[in-house]
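Observations on chain architecture
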Amino acid sequence: MFKPYQSETNFDEMLEKDGSVRSHYQDFHKVMDQFSEAELREKHETAQLSFLRQGITFTVYNDNIGTERTMPFDFIPIIMPPETWTMIEKGMRQRVEALNRFLDDIYHNAEIVKDGVIPREFVEQNPYYLKKQVTGIDVPLKNHIFLAGIDLIRDQEGTYRVLEDNLRNPSGMSYVYQNRYVMRQVYPEFFNRHSIQSLEHQLSHMHEAVLDHCPINCLHEPRAVLLTPGMYNSAYYDHVFLAQQMGIELVEGRDLYVRDNIVYVKTIRGMQRVDIIYRRIDDDFLDPQVFNKDSALGVPGLMSAYKKGNVSILNGVGNGVADDKAMYAFVPEMIRYYLNEDPIIPNVDTYFMRNIEQRKWALENLDQLVVKNVGASGGYDMLIGPHATNEEIDRFRKKIEEEPHQYIAQPTIQLSRAPAFQDGRFYPCHVDLRVFVMRGKKTHVLPGGLSRVALKEGSLVVNSSQGGGGKDTWVLKGGESNHAEQSS
Amino acid sequence: MLSRVADSLYWMSRNIERAENNARVLGVQLIQMLEASSEETLARHDWEIVLEICGSVADFNRLYPKMSTNHLIDYLAFSEDNPNSILNCIKYARENARTTRDIIPNDLFEVWNNLYLEMTEIRISEGSLRDIQHFLNRVKITAMTSHGIVDSMMTRGVPYRFFNVAKWLERAEKTARVLNILNDQSAADQKKADGTNYYYWRSALQLVNGYEEYLKKYPPRMNERDVLSFLISDYSFPRSIQYCIDHIRESIISLEGGRVSHYSWRMYAALDLIIDEFDEQKIRSLKEEGISTFLDDFQNKCNDIGRIFSETYYLVEPSKTS
């Protein structure tokens, strides 16, 4: 029942321009074609229910009421040949290494600024640059980025480009696992003919990476915890999953207590020392003595324990300066500066609205650009020029003129597409890919990552809070793709 | 284990047990109501008894204009304003299961999550006893399934002991409450009626699901002292207070590795105090008017154990004294 479609303007993950199936999708396509429409519908239903029953939900905030929703799941996976993955993996290691060097640099001597590679004001005026609170702190392994979630897209030519770096609290790893789990339960037929890189051991690597961040003053077996804002947080399921899989305790701010610069956790046997905190709370809420005074989520005194080297906080405090939408434009320069290498995976061109010439040009071409607020995320405060009404464009023109520093613009990229099965039919939807990079003494890149899909037809926004869904991501094992081609 | 997590686990378990008990009490009462319609004098108090066991009469009167079957079902099963309604117990249990997901078996979360999801969509046609009984059965079966999951999947470690202590505490308190309330009703009616209180003691057994087991041990005759000693001091019936307290004690001994420490001695003392009361001879030798006082006192002691347990493991913030 799958009808190929022509895809001339967009790169399609599964189909060639002429509508034929790409070689690494052929085995999958053959199996899929054997299903009847009724079977597909039934399987689709089973998959969605399975997420709900297992409570794999995220919270959407509407009118201040949190509603639990499951992320819609689409069964057509994103399949990647081994050589493609090898390239992405290298590119990710390189990028995150450079970003980490950058963070360590600007919280120590800021050489990159002194050398004029990044204009001073971009760092100094960045609201996430915590100069006062973080400068001079030596973090274990000099590693500020324990977990990065890098968002990739593919353009018209199929070239992977980095869209966004997430170095604070990237979420979604649990969905990668649950997508795979549900996929295996509901569509076992697909797995017979493919040899796919397994996700099995990755979480033990992650656990190891957590423990690698033993603070300098820790002379015993370190105790690690995962700090969550609690069950009403949109990514709570992610927190539960990671804590459970790594076998570390899931704690809330109220479970922790700092005395004499040492962090303790309140247990049924009294106070016990904590050494490593994988936090999923933003900087602002971490310690009411240093940041937001009204925050009830955090732990008073945590920052001073951090400064004294009595506790490690992962990801590092102040990472936001490196994953801000404006700083993004400088990452290729960081790679050249710190590693003396050319970027393996390019950026999307970015124009600064604070720059008079770039702004002038952009304001004339708003209908062809994507405009983003440098401080916003999750698809909020964003203009997609080609899809916008005249009023929306005018509204953004005013916004940019009022606060040019807040905005950047990027050319509209014809995002790649992949077929999705929803409402009983197939249609092409835009996709992106969040790749997870885990860093301890060693660096591991989770094979594949979270493929997100804009399920609303024609929509460009893949974010789950805006109605996006998930797909399983398959990295084919080396050699197997040859086998697939021979057998077809 | 974190105190907060232990607290959630504790309340999850109590709410599971409470949902099951309240579902049973309501189910029994709905059937009894049909049978007892001829014995009007006795049936009159039935709903008050059920209200006192699963909620409170005062609370009910505040929320509803008059006593009717539909109001009672609404109050006991679905009301959001009644903290002990079955719906609220399910919600609390599910919420607490969510905050302890990294501790409990996934299956345990899933069965409660399932029940919760069904609950939010349930539509019961007004006055349909079939619908409501079906719903009450779902709750009982889910609670029993969760006991099965806990028993067959959980390591006999701290979380397992906490789960069970909470379950037995809730059960012991409920049995004490049932006895206390039915004894009061029985005594009140005795003055007027012909002296037979068969009806109340059979109810007591049914409300704690002990009727069948009682019949196996005693002749089919409702003797007040037999029922009391069965529900209080039978060491082998899993809903008798003796059984519950014995198992609480056993669990705490495992939790503490068999030792009594400076923080746990109060717990042991409270348990020993209550175990002293269980002597069957003592119960049988109580004078008529002494039973009521005994049961009152006894219910308070059960409640004390819950409080002391919570304090021992920091489950509740110590009250601030100025």
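Residues numbered from 1 in each chain as written. Chains lettered and ligands numbered in written order. Predicted model: local features only at pLDDT ≥ 70, side-chain atom pairs only at ≥ 80, totals over all residues. Heavy atoms only, no water.

Chain B is annotated in an unreviewed UniProt entry as Alpha-E domain-containing protein of Jeotgalibacillus haloalkalitolerans.

Chain A goes by Circularly permuted type 2 ATP-grasp protein in an unreviewed UniProt entry, where it is assigned to Jeotgalibacillus haloalkalitolerans.

**With respect to the environment of B:Ser125**
Just so we agree on the cut-off: Helix numbering and strand numbering both begin at the N terminus, where a helix is a DSSP run of H or I of at least 4 residues and a strand a DSSP run of E of at least 2.
As for its placement among the helices and strands, B:Ser125 is situated in the loop between helix H7 (106–121) and helix H8 (129–153). For the pair formed by B:Ser125 and B:Arg14, sequence separation is 111 residues and the distance between their alpha carbons is 30 Å.

**Here we look at unusual backbone geometry**
How we decide: Three labels apply to residues, based on accessible area from a 1.4 Å probe with only protein chains included: buried if under 20% of the type maximum, exposed if over 50%, partly exposed otherwise in between.
Between A:Leu314 and A:Asn315 the backbone carries a cis peptide bond, its omega angle lying at -15°. Among the secondary structure elements, A:Asn315 is positioned in the loop between strand S12 (312–314) and helix H11 (320–323). Despite not being glycine, A:Asn261 shows a phi value in the positive range, around 65°. With respect to the secondary-structure elements, A:Asn261 resides in the loop between strand S8 (256–259) and strand S9 (262–267). Although it is not a glycine, B:Asn209 adopts a positive phi angle of roughly 60°. Here B:Asn209 is to be found in the loop between helix H10 (198–207) and helix H11 (211–217). For B:Asn209, a relative accessible area of 42% translates into the label partly exposed.

**Side note on the sheet that holds S12(A)**
All names here are of chain A. Filter applied, for reference: Pairing between strands requires that DSSP locate at least two bridges from one strand to the other. Under this scheme, a helix contributes an axis fitted over its contacting stretch, all axes are lines through C-alpha atoms, and angles between N-to-C directions fall in the 0 to 180 degree range.
Here 4 strands make up an open sheet; going across it, the order is S7-S6-S11-S12 and the pairing parallel. Either end of the sheet is taken by a strand with one partner, and the two such strands are strand S7 (249–251) and S12. Put simply, the sheet's adjacent strands are angled 30° from each other on average, direction ignored. Looking at chain direction, strand S6 (residues 224–227) and S7 are connected through 3 bridges and run parallel.

**Considerations on the side chain of B:Arg171**
Relative to the helices and strands, B:Arg171 is located in helix H9 (residues 158–190). For B:Arg171, a relative accessible area of 8% gives the class buried.

**Re the environment of A:Thr473**
Put simply, the rule reads: Throughout, a residue-residue contact means that at least one pair of heavy atoms, one from each residue, lies within 4.5 Å.
Of note, A:Thr473 is situated in strand S21 (residues 469–475). In contact with A:Thr473, other than residues within four places in its own chain, are A:Ile78, A:Met80, A:Arg180, A:Leu433, A:Gly448, A:Gly449, A:Leu450 and A:Ser451.

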